[in-house]
Amino acid sequence: MSVVKSLDSETIAAIATPRAAGALAVIRVSGKNAREIVGQCLAGGGKTSVNRFGAERKSCLRVVNDEEGRRIDECLVVWYGGPRSFTGEDVVELSCHGGLYGSRRVLERVLENGARLARSGEFSERAYMNGKLDLTQAE
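Draft legend 1. The arrangement of the overall build of the protein chain in detail. Scanning the protein chain from terminus to terminus reveals 4 helices and 6 strands. Ordered by position from N to C terminus, the α and β elements of the protein chain give β-β-α-β-β-β-α-β-α-α. Scored against the burial criterion, the 139 residues of the protein chain give a buried share of 43%. Of the contacts made within the protein chain by residues no fewer than 6 positions apart, 54% connect residues no fewer than 24 positions apart. Working note: accessible area of the protein chain is about 7700 Å², and carbon and sulfur atoms make up 52% of it.

What follows is the structure, encoded as structure tokens:
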């Protein structure tokens, strides 16, 4: 399966779990700058945080801080290198504590660092454009 470059090179992010009461919320970040953007949100911040993800597809526990260094949440962080991810791009998933406030605040932090909010269905669209899903699966 050949990989077709996405027409949109921006890094996107969204809450990937339902907006219902639950123990966990997952924030998905996809695009060429996913690791750098999430790395800036982690305690310690900056480019050195990129190396603190651990091995690909292995979860690691990290603290997400606000712009002033205050703790927002402690999340499990997993990165999936493209093209071996759902979208075919680099993907980072943050599993944070459930609840609307905390998950929204983690998402806001990711957006503040350079990602843009994903449109409805955009992760599946990118997966289709990169040959990871066929049209039936994407629908």
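Draft legend 2. Examining the layout of surface pockets more closely. Approximately 410 Å³ is the volume found for the largest pocket. Ala14, Ile15, Ala16, Thr17 and Arg19 are, among the 27 residues lining the largest pocket, the residues nearest its centre. Going through the elements one at a time, strand S1 (12–15), strand S2 (24–30), helix H2 (100–112) and helix H3 (122–129) are the ones with two or more residues in the lining of the largest pocket. A per-element tally of the lining of the largest pocket places H2 first, with 6 residues. Looking at the lining of the largest pocket residue by residue, the classes come out as 14 nonpolar, 7 polar and 6 charged.

Draft legend 3. Quick peek at H3. Residues Glu122, Phe123, Arg126 and Ala127 constitute the buried set of H3. Taken end-on, H3 shows its buried residues confined to a sector of 145°, consistent with a single buried face. Those residues of H3 that are buried are in contact with S1, S2 and strand S6 (116–117). Following H3 by one or two positions, Gly131 adopts a phi angle in the positive range, close to 75°.

Rules behind the numbers
- Residues numbered from 1 in each chain as written.
- Predicted model: local features only at pLDDT ≥ 70, side-chain atom pairs only at ≥ 80, totals over all residues.
- Heavy atoms only, no water.
- Helix = DSSP H or I, 4+ residues; strand = E, 2+ residues; numbered from the N terminus.
- Buried < 20%, exposed > 50% of the residue type's maximum accessible area, 1.4 Å probe, protein only.
- Contact = heavy atoms within 4.5 Å.
- Areas by Shrake-Rupley, 256 points an atom, 1.4 Å probe, with all protein chains shown as cover.
- 1 Å grid on protein atoms, 1.4 Å probe; cavity = no way out; pocket = protein on both sides within 12 Å on 5 of 7 lines; lining within 4 Å.
- Points joined across faces, edges and corners; volume = space filled by probe spheres on them.
- Nonpolar A, V, L, I, M, F, W, Y, C, P; charged D, E, K, R; others polar.
- Arc of directions from axis to C-beta.

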